[in-house]
Each structure stands twice: as C-alpha cells, then as structure tokens.
Amino acid sequence: MESGRDHFPFPYQPYTIQEQFMQALYNALDQGKVGIFESPTGTGKSLSLICGALSWLTDYEEKRRQQKAALLQEGEAALSTSAAQSSSAEPDWITDFVQKKAERDLVSKLKEEELKRKKREERLEMIRNNVQLKFAMKRKNCEDEEAFKLLQLSKEEQTESEQDREDEDLVVPEYESDDESKTRNRFSATEDDIDDELVEEHVTKIYYCSRTHSQLTQFVHEVQKSPFSSEISLVTLGSRQNLCINEEVRQLGSVQRMNDRCLEMQKNKHEKQHEDGVKRKRSAAKSVCPYIKASALQQMRDDILGTVHDIEQLLKLGKETLSCPYYSSRLAVPAAQLVVLPYQILLHEATRRAAGVQLKDQVVIIDEAHNLSDTLSCIHSAELTGAQLCRAHSQLTQYADRYKSRLKAKNLMYIKQILFVIEGLVRVLGGKVGQNPQNQTTPTGSEMLTINNFLFEAQIDNINLFKLQRYFEKSMISRKLGGFVEKYAGSGVSLHSQSAPNKENRCTEGLQRYLQTLQNSQGTMPVTPGEQQGSTEAERVLSASPMMQMEGFFMALTNSNTDGRLVVHRQGTLSECSIKFLLLNPAVHFAQVLKECRAVIIAGGTMQPVSDFKQELLFAAGVREERITEFSCGHVIPPENILPLVLCSGPSGQELDFTFQNRGSPRMMDEMGRILSNICNVVPGGIVCFFPSYEYLRRIISHWETSGALTRLANKKKIFQEPKKASQVEQVLSEFSRCIQRCAVDRGELTGSMLLSVVGGKMSEGINFSDDLGRCVVMVGMPYPNIKSPELQEKMSYLDKHLPHTGGRSPGQALIENLCMKAVNQSIGRAIRHRGDYSTMVLCDKRYSRPTTLSKLPLWIKERTSTHTTFGPAFAALRKVRSKLSQSLHTQTLNELTQCSFPVLLGEEEASVVSTDGS
C-alpha cells in the first residue's frame, strides 16, 4: 500500500515534477526500497532530494516517538497490574521475577532512550539560542591561543635527547596475530583515539554523498536555503587535506604525510598525559596538536550540530574555537540527522569504518551516480610500479636492520613475509630487488592474469595475505616506515655529521644512496624555477614511503579469484613496469551498503541507460527485482525550447558514418565542416562541438586548416579548442564567454564563439553551458571506448560469463553501448540548465537513428528527437529556432550578459558556469 504526504515544505511553489519526485522518494524511503531516480539538471533535483528525504525523516522520527510512548505506557501499566496481582495471589517469587524482568527492562530502555533524546534536543536548542555562551567560549579560546604561542616559543629552545628515546615511536610494538584483543591497546594512536566520553549513540540519519567537495558544498547551500535549515543537524565530512587547520600539518602537502603527522601528534598527546607528574630526563619537545583538546572538540561538535555549515564555514569555525574541524565533524556524526560526505568515504569499507560511519538501518543517497560502477571499480583498484616496489623493499630492509634488536620475533616474521611478497612482485616484472630499477632491463608486453595464477607466478601462494593485511592494519607498519624514511632519508641528505659516522648513519646510508641515485638519474642540467618546483615535489614523492600503496595492493589480492584480474605491464625498464589490480565485480563491495541500509537512493541528472546499474550493481549484489523502484521525470522547459536532431547525411548528401574506419576520410571531414558552417550561419551565441577523441579532433582541425574550412568557420564564430592542461580550462572558458558577450553587443559579422571539445574530456562533464553559452551542442560520431583495451576486453568477458544475455545482445556488447551513450548524455545535457533556457542538439551520425540507440537517450530528450535522412528539413528546423533566439537576444540587457562568468568550482577537471540567472 502506498504511503505518502499531501504537502512537502519547500522554499517556493514547487514544479509538478518536483512534487512527483518528492512523493516517489518519500515512498521509496518509507518502504525500504533501492531507488534509481533521474531528474535533469535545472529541475531542482537537490532541493527535491532535501525536502523529500527530510520530510520522511521528520515523519519517521515522530512515528517512532509515538510508538515508544505507547509502549512505555503499556509497559508501566503491565507492571502496576502485575504488582497488584502479586499482593493478592502471592505467586512464587522466582516466577514473578522472570515474568516481570522483560517488562522492567523494556520500560527502563524506553525511559533511557527518551531521556537521551530530550537531553540532545535541549542541548541543541541551547546552542542555537545561547549567544552569550558562544562569546564566552570565543574569549576563552583567544586566551588559549596566546598560551599556545608562548608554549611554541619555549619549545624552540629545547634540545634533542638520546637517539634511542626518539626512535620509540618508530618501532613496532609486540604483535600477537592470534589474539588481537590483547594487542590493540599496545599500538600507537589510531583513528579512533578520541576521548570516549565524547562518543554518542547513533540516531536515524540520512547519508548524502556526491563526487566532489564542491558538489557537496553546493548541496549544503541548498539545505541552508530550505525550510529545514533551522531544524536539521547536518555535518560535512572530508579528508584532513580539506579540514585540517594546523599549518604545521597542512604545509606537508600530500595526504599520506598529513595523515601520518596528525596521528603522530595524537600519540604525543596521549604520551604526555601518561607522563604528567613523572620526573624524567629533559628531552626534545614532541609536537602536540593544540586543536584536539576534549573541551574544544565538544564545543565545536555542538556548534556543528546546532547550525548548518559547509566546509569553508567549518574551517572558519575551527580557527575561531581553536578546535579541529576534522575530528569535531566526526564526533558530530552519531547525533547528526544528515551527513554529507564524498564517495570515497562511504563506498570504501575501511575508510567508512575509520570515519565512524555506521550504515545499519540508515538511509543512503548517492547523487551524481551516473558513473557509480566505474567509481567503485576505481576506488578498489590498485597499481604499483617497479620503482615503488624496489623503493619499498629497500626502505623496509633498512628499517628491519636498524631495529632488529628491538623488534619481537612475530614482527620480524611478518616483515620478512612482506619483503618476500615484494620480491615476488618484482620477479613477475622481470627484475631483482637490491638494484637500481632504472638500470634493469625487462621484456616488453602486457599480460592478464587471474589472482590465483598471479600468486603462483609470483611464488607467493603460500603466504596468508589475510594475516598480512591484519598485520598492516594493527601494527601500522606503513606509518612507522613512513616516519623512519622521513626522519633519516629525507631527500637523500644525511641529518647526521658526515665527519663522525655513527651506527644510525651506517644503517641508513644504503637507503640514502638508493634515493640519491633515483634523484640524480635525470642528469645535472640547469633547471628553471618551474622545473625546480617540480623537482621539489619529486623529492617529496621519492622521500615518502610507498608502503601505503603496498598495503592497498595486498588488500586487493584478497579479493575472490573471479572478481578481479591482474594486468602486468612490462615496459623494457623495471622502474617503468607496473602491476595493476582491476576489479571486475564492483557489486561485491556495494553489496554491504545495500544489505545494511534501510533504503538506498541512486540519483543523477542523466541516469540512462539504467540497465547496467541494475545488472552490474543491484542484481549481482543480491537485490531482488521487487525491492527496486525507478523514477524518471521530464524537464521543466516547454517542449518548444529544445530541438534534438539526428542527422543521417550532410548538405552534399554524404552519408554520416563516423565509424573508426570511415571518419578519417577527407570526404567525411569536409562534410562535417559544411554542417558546422551551416549551423554557424543560423545559430547565434555559443556552439559547443564534441568529438570522439583528442586524436580525431587534432586530425580534423589539421584537415580543415588545409582545406580552408576552418577559415570559413572563423568568419562566423571565434574558434576555441579544449586545452591540453586542466589549469588552462578556466582561461579558455572565460575568453569563450567574453567573446559571446561582445558579439551580442557589436552585432557584426562575428556572431559568437564555437568551442571544439572531446567527449569525456575536461569540458564534457561538470560544466554548464547555459543560455547564450550553449545555444547548440553538436555531437560528431559516437564515442565508443577503445575495444582493444585489455582491461575493457576482460571486463566484457567477465560480464558475458556471469550476466544473462538479453535482447539478443551479450552483456559485454551492451556495456560498450551503454558506456558510449552515457558519455553522449553527459555531453548534450550541458546546454539546458533552467526553465527559461533553450538549445538545439545535433547528433551527427546515422547510427543515432537506430531504435535501440534512441531508447538510451534521457526521456525528456528522446520524446522530442526527430530523425532526418536529408539535411534540408533539419536545416529548416534550425532556421525556425533562430527567430526565437534573436528575439530573446533583443530583450536581454547588457547588464545581464556581463554577469556570465566561468569560475572553476569543481577541481582540476571540472568547472561550473554561472549563468545570467544564477542557475
């Protein structure tokens, strides 16, 4: 039976499709479904998700409160009735105790839960309203900051102590693999070393995840605009790289070095607490992070729960309260009702566990999920180079030699096993450890192996990788080794006096020589400042330990033999060879999320085709058909605002067949030039043209330059090309935008700009070509992936073997088509971004006219697509659109046009365009 709501709180009058979306979402959450939701960009998907999901959560919590109150009332009534019967009938006291124990326990539990809930709500209400308390805490934090600065000055005057004492934090404590519970507390600070009194019980919550921190920030801003902003407890999770405010840690740069330094500071804090009051020899002051005091963490946790913050606001709050945003946000997770986090934290079990994320009976919403399968495969894949393997072996050997007298037998045994496995991996690549990998030649070629065959070939099939994985996790040998290398190796320059070599120097000089040879192998030519900066970064990479990558690779080898493959690439030199683990079955890692959660919502702007989602991620993970629900809505734009065309032939009658064999012919490239020339004549503003590959884009531009087609195009539109470097994307987009603005004002021969891009490149995803920035999107050919790729061939073979054949096509062939059409849908969806927007979409290839291909377009595009076997009718349809475009251009003011800009918001490979209406 359908459940639902008559009304959903919304910041304005919602569109009909938004009401339908929220109702379908509410029902899916209430019935514990796995939902696939598609809502085109520009239809208010984020607000629909927020208001629909939080409406359900509010109703669910209210129902639970009513049910608990009723149970509590019944339990108390039953106890009083039992007491009355006991006084008259006087049953045996043992029987009476057994009868009443369950009732007493239930009543006590319900009372305790209700008390906790009231305390939590009272505290949040006090935080939201008690401004005086906030000012008092801020004043206290200012005093703490002054004290911290004085402490730092005093530390600088202290001297170093004996070397052995300093090395205590580098030595792995005693390890007993058969009794983990006894060894857990012997190891140094872990991710969970936060004061126990700060940990709370988890409430029912919604986990919302997306691809990038910028997308998460935009989502948080939508929450702040929603009617729930003052009622909801929201926390944003991120990495230390995003949330750390300790400059000493931030300046380290790499995530691994920041993690290691942070944990080392935590360990120093716990050691200091244990040593208070104990007299000991004056030693070098160990750095302690000033931002992880329990009182400050608790205060910031409460502030986070009281008010909705994005990451930038969290950083500002952390600096004001002298509290760590990274740990405060994690402490806020149990009491939060909405947790916002990136894919990597939610989808990777170990990271999820470390962040304190518990999925049992909770709700998960995965947004921007069109590439969810690829994301899962990428997160759980691993790759090692020959240089990394040799460096790890050398470093771990030096470590074992340095501390062999202080390491227990179990530790030495496991270290020797790790070294043995690394030797086997190097042997597979055709090299040997103990020698410079850049001087070792290997055979060339690639090889694909199953996990079992790889273990046999490496001669490590007798090693228990599960025990090794547990040793990595419990002993934290990777972090210990990282600290050892950073302390003694650095960039290859000894930290000790060369005139008086001691035991430490002798034990690490081999490691230093090895690192130095790697750095000096590029020669001694003079370098420019830019190259010098790159070389400094290279030194950081060389000095860091690759053992973390080893740990990830060892974990990958514990997958089932059928779920993954090993790709061995031999490049002629050992340092350039690589071993890559390829995950073939992402469902094995997604199954736990689906099993534990009450409901899972997979959402996106362009989810078509959804068949691969259901087959690869849901059915393969054990989800039954009846638990899956699908929802797809149209766009908010009127039908006449979009004109999708399939062109089967060009102006001269040349059939458009951009297959790999035909697309390089001069006739095909000339015809494409004529098509674009005609489009430029009738479409003002911006045109975005997508090509199937960088190589084909380079080739066709070269041909047009020779034939003069490029000059003819440039007479109507200023031509821009997708840049090779991600850092140049913002500049190209800004110039593209400014040219369109100038042309709209000048009304000269030049009518706008044309941007030549590549499907799957820097411009095809995450960038919004709204309004005049994208009045026409042209798709040249069909961007099928490289069928000759060994990884793709293995994936196709796996799917053919494990998934059912449907519609006369093999699952492998369906994968190829789905990857192609997903890329097309992402590209053509760049143009329409809001209700008043309009654009044309021209698909140049006769293969788009196939019914099976058209069925994979988003519903709102497919319903309006017309196929043209000749160019004339298609061109006539484009001319009709021109009148509407021209009329709109007259009504737009110069002030509106100048608001168009291209800030890069989504990282190096993604950007967002702010249109004239701010959408």
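Structural data are supplied above this passage.
Residues numbered from 1 in each chain as written. Predicted model: local features only at pLDDT ≥ 70, side-chain atom pairs only at ≥ 80, totals over all residues. Heavy atoms only, no water.

Caption draft 1: Quick peek at the overall build of the protein. Counting secondary structure elements, the protein contains 36 helices and 18 strands. Within the protein, the proportion of its 919 residues that are buried is 52%. In the protein, once contacts between residues fewer than 6 apart in sequence are set aside, the share between residues at least 24 apart is 80%. About 41900 Å² of surface is accessible on the protein, with carbon and sulfur atoms providing 50% of the total. (Helix = DSSP H or I, 4+ residues; strand = E, 2+ residues; numbered from the N terminus. Buried < 20%, exposed > 50% of the residue type's maximum accessible area, 1.4 Å probe, protein only. Contact = heavy atoms within 4.5 Å. Areas by Shrake-Rupley, 256 points an atom, 1.4 Å probe, with all protein chains shown as cover.)

Caption draft 2: Main features of the pattern of salt bridges. The tally for this structure, following the rule as stated, stands at 19 salt bridges. Of the charged contacts, one joins E447 and R570 as a salt bridge, the two residues approaching to 3.2 Å between their closest N and O atoms. Placement of the pair is E447 in strand β7 (residues 441-450) and R570 in strand β8 (residues 564-573), with a sequence separation of 123 residues. With a relative accessible area of 14%, R570 lands in the buried category. One salt bridge in this structure joins D845 and R847, with 2.8 Å as the shortest N-O distance. Just as D845 is buried, R847 falls in that class too. Here the residues in one salt-bridge network are K45, D367 and E368, joined through shared partners. (Salt bridge = Lys/Arg side-chain N within 4 Å of Asp/Glu carboxyl O.)

Caption draft 3: Quick look at the sheet that holds strand β18 (residues 866-868). Spatial ordering of the open sheet is given by β14-β15-β13-β16-β17-β12-β18, a layout of seven strands whose pairing is parallel. Taken across any chain shown, the strands that pair with only one partner, and hence form the sheet edges, are β14 (717-721) and β18. Taking the axes of each pair of neighbouring strands and ignoring which way they run, one obtains an average angle of 20° across the sheet. The sheet contact formed by strand β12 (residues 642-647) and β18 spans three bridges and is parallel. Paired with L647 across the strands is H868, a residue of β18. (Pairing = 2+ DSSP bridges. Axes fitted to C-alpha atoms, helices over the stretch in contact; angles between N-to-C directions.)

Caption draft 4: Fine view of the packing of helix α17 (residues 386-403) against helix α24 (residues 547-556). Closest axis-to-axis distance for the α17/α24 pair is 9 Å, and the angle between their directions is 110°. It follows that α17 is roughly perpendicular to α24 by the angle criterion. Our pair here, α17 against α24, has a crossing hand that is left-handed. Contacts from Q388, L389, A392 and L396 in α17 reach M547, Q549 and M550 in α24. Classifying every residue of the contact of α17 with α24 gives five nonpolar, two polar and no charged. (Parallel < 35°, antiparallel > 145°, perpendicular 65-115°, else oblique. Left-handed = near helix turned anticlockwise from the far one by under 90°. Nonpolar A, V, L, I, M, F, W, Y, C, P; charged D, E, K, R; others polar.)

Caption draft 5: Local environment of the side chain of T442. Along the chain, T442 falls in strand β7. Overall, the relative accessible area of 9% leaves T442 in the buried class. Apart from the residues lying within four places of it in its own chain, the contact partners of T442 are L429, G430, G431, R570, Q571, G572, T573, L574 and C577.

Caption draft 6: View of the sheet that holds strand β11 (residues 628-632). Here seven strands make up an open sheet; going across it, the order is β3-β4-β2-β5-β10-β1-β11 and the pairing parallel. Each edge of the sheet is formed by a strand with only one pairing partner; in this case those strands are β3 (234-236) and β11. Geometrically, the sheet is characterised by an average inter-axis angle of 15° between neighbouring strands, direction not taken into account. Relative to strand β10 (residues 599-604), strand β1 (residues 34-38) is paired through five bridges, and the arrangement is parallel. Within β10, the residue paired with I36 across the bridge is I602.

Caption draft 7: Representation of the nonpolar core within the structure. In this structure, I366, L372 and F590 are the most contacted members of the largest nonpolar core, which totals 63 residues. With near-sequence residues (within four places) excluded, L372 lies in contact with L347, I366, F590, I602, F613 and L617. Listed in part, the 52 residues of the second largest apolar core include L170, V421, F484 and L583. (Core = buried A, V, L, I, M, F, W, Y, C linked by side-chain atoms within 4.5 Å.)

Caption draft 8: Inspection of the pairing of strand β13 (residues 685-691) at higher detail. In terms of burial, β13 is largely enclosed, as seven of its seven residues are buried. As judged from the seven bridges shared by β13 and strand β15 (residues 752-758), these two strands associate in the parallel manner. Of the residues in β15, the one forming a bridge with C689 is L756.

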